[in-house]
Amino acid sequence: MSNLNLSLSNITTEQYQGLLERLFLCIFTTVPCCVFLFINFTMLFILRSKTVFCETSRYILLYNLLFADTVMMLLSQIMYLLSASGILLTYPVCDLLNMLAALTNQISPLTLVVMSLERYVAVCYPLRHATIITIRTTVVAIIVVWAISSLNVLTRVILLLQFPFRDLQSLQMKTFCSVRVLLLLPMSDYYEKAYTCFVFVSAGLTIISSYIGVTIAARSASTDKASARKTRNTLLLHMMQLFLSLSSTAQTPLLTTISRFVTRIVIVRIQVIFYMCISIFPRCLSSLIYGIRDQNIRHLLMYYLCCRLKVNYVSQS
C-alpha cells in the first residue's frame, strides 16, 4: 500500500521536466481529483441528509469508507503537488502527512471487510439481521477498524523513531516526500510488507468466503434470489476495490523493472498514469458504485451533481 501518494523521489523535476509539462501534469491530475472530490463530498452530504441513511448500518459503513477515501485522495494530491513543485519537506512534516495517509488508507480494506460481512448476514441470516447488525454493533465495528489502523500507524512511528535523526545535520529532506523514503530502517520495510500482506490476505479471504456463503445460500428456496444476486455483485465489486488497493503495492517493483528499459522522464509520466489509475480513481469508485446502483442514493446524487433547477424543470414538465 506504499506509493499511493505519488512522489517524484530521486528525480530532479527541474532537470527532467520543463515548466509547461509540469504544469500540464499538475492540471492533468488536479482537475480529475477535484471532480472526484466533489462527487465524494456530495455523497458524504447525501449520507447525512436523511434519517434513513443515518440509521442504516450499510450506509453508515459507506460513509466511513467514503470519508477515509476522500481524506486519502486529498492528501495524495497535496503530496503530489508538493513533489511536482519541487518543494522539499522536513522529516516531521513528511512523516505527519504520510501517517495520516497511512491511517486513512488502511480504513478502506478493513471497512470493505465489514461491509461484506454485513451483506453476508443480510442474505444468509435475514431473520437475525436486524438483531445482529444494529447501529451499536456498526459503530463498534467502525471503532475497531480505526483502532487497528491507528495501531498500525503508531507502530510505524515507533519504528521510524529508532532512526538516529540526531546524527543528521538537518531534518530537511534531500528527496521528495513519499512512503518509501520514510522506510529508513530494514525493520520498517519488513513490517510494512508483513502488515500489508496480512491485511489483504485476511480481507480477500473474508470477502471470498462471504461470496461463497451467499452463493450457497442463493440455492435455498427460502432465499430471496434477487437480493442474493445483488449481494454477489456487490461482493465482486468489493473484491475489485480490494484488488485496486492491492495493486498499489506492486507499483514500486513494476516501475523499477520498467526503468531498466526507458528514460527517467518516461518513468515520471508512467508514475503519473499509475497515480491516477491506482491512487485517485479507486477513491471515487465507491461513490460511483453506490451512487449508480443504490436506488435510494441515485436520484439524490443526480439531483446534486446536475443542475437542480434543470432537474426540477424536467420533473415538472
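Rules used in this analysis
Residues numbered from 1 in each chain as written. Predicted model: local features only at pLDDT ≥ 70, side-chain atom pairs only at ≥ 80, totals over all residues. Heavy atoms only, no water. Helix = DSSP H or I, 4+ residues; strand = E, 2+ residues; numbered from the N terminus. Buried < 20%, exposed > 50% of the residue type's maximum accessible area, 1.4 Å probe, protein only. Contact = heavy atoms within 4.5 Å. Areas by Shrake-Rupley, 256 points an atom, 1.4 Å probe, with all protein chains shown as cover. Phe/Tyr/Trp six-rings, centres within 6.5 Å; stacked < 30°, edge-to-face > 60°. Expected span 1.5 Å × (residues − 1). Polar contact = N/O pair within 3.5 Å; in protein donor to acceptor, adjacent residues only side chain to side chain. Salt bridge = Lys/Arg side-chain N within 4 Å of Asp/Glu carboxyl O. Core = buried A, V, L, I, M, F, W, Y, C linked by side-chain atoms within 4.5 Å. Axes fitted to C-alpha atoms, helices over the stretch in contact; angles between N-to-C directions. Left-handed = near helix turned anticlockwise from the far one by under 90°. Nonpolar A, V, L, I, M, F, W, Y, C, P; charged D, E, K, R; others polar.

Description of the overall build of the protein
When helices and strands are counted, the protein shows 13 helices and zero strands. Reading the secondary structure of the protein in the N-to-C direction produces α-α-α-α-α-α-α-α-α-α-α-α-α. Taken across its 317 residues, the protein has 47% of its residues classed as buried. Partitioning the intrachain contacts of the protein with sequence separation of at least 6 by distance along the chain shows that 80% fall at a separation of at least 24. Per element, the accessible surface of the protein, about 16,200 Å² overall, is 69% carbon and sulfur.

Thoughts on the packing of aromatic side chains
Applying the stated criterion across every chain yields a total of nine aromatic pairs. Each ring, one from Tyr-120 and one from Tyr-125, has its centre 6.1 Å from the other, and the planes form 75°; the classification is edge-to-face. Under the relative-accessibility criterion, Tyr-120 is labelled partly exposed at 24%. You can call Tyr-125 partly exposed: its relative accessible area is 37%.

Remarks on helix α4 (residues 57-84)
Compared with an ideal rise of 1.5 Å per residue, which puts 28 residues at 40 Å, α4 spans 41 Å between its outermost C-alpha atoms and is within 8% of the ideal. A large share of α4 lies buried, amounting to 20 of its 28 residues. A positive backbone phi angle near 75° is found at Gly-86, which sits one or two residues after α4.

Section: the environment of Thr-29
For Thr-29, the position within the fold is in helix α2 (residues 19-46). Judged by relative accessible area, which is 0%, Thr-29 ranks as buried. Sequence separation between Thr-29 and Ile-273 is 244 residues; the distance between their C-alpha atoms is 9.1 Å. Once residues within four sequence positions are removed from consideration, Thr-29 is found in contact with Gln-77, Tyr-80, Val-272, Tyr-275 and Met-276. A distance of 3.2 Å separates the side chain of Thr-29 from the side chain of Gln-77, its partner in a polar contact.

Some thoughts on the pattern of salt bridges
If charged atoms from side chains of opposite charge come close, those side chains can pair. Tallied over the full model, the rule gives four salt bridges. A salt bridge links Arg-58 to Asp-294; its shortest N-O distance comes to 3.2 Å. Here Arg-58 is found in helix α4, whereas its partner Asp-294 is found in the loop between α11 (264-293) and α12 (295-305), with 236 residues between them in sequence. According to the relative accessible area criterion, Asp-294 is buried, its value standing at 5%. Note that Arg-283 is salt-bridged to Asp-69, the shortest N-O span being 3.0 Å.

Concerning the nonpolar core
The biggest cluster of nonpolar side chains holds 28 residues, and the ones touching the most others in it are Met-43, Leu-47, Phe-53, Leu-62 and Ile-297. Broken down by secondary-structure element, the contributors of at least two residues to this core are α2, α4, α5 (91-124), α7 (135-161), α8 (186-218), α11 and α12. With seven residues, the top contributor of residues to this core is α4. Discounting residues that sit within four places of it in the chain, Leu-62 has contacts with Met-43, Leu-47, Met-115, Ser-286, Tyr-290 and Ile-297. In this structure, Leu-25, Leu-37, Tyr-275 and Met-276 belong to the second largest nonpolar core, which totals 14 residues.

Some points on the packing of α5 against α7
Packed helix pairs are specified by the crossing angle of their axes together with the interaxial distance, meaning the distance between the axes. With their axes 9 Å apart at the nearest point, α5 and α7 run at an angle of 145° to one another. α5 and α7 meet at a crossing whose hand is right-handed. Residue-level inspection shows Asp-95, Met-99, Ala-102, Leu-103, Gln-106, Ile-107, Leu-110, Thr-111 and Val-114 of α5 in contact with α7, the latter providing Ala-141, Val-145, Trp-146, Ile-148, Ser-149, Ser-150, Asn-152, Val-153, Arg-156, Val-157 and Leu-160. Among the residues forming the contact of α5 with α7, the class breakdown is 13 nonpolar, five polar and two charged.

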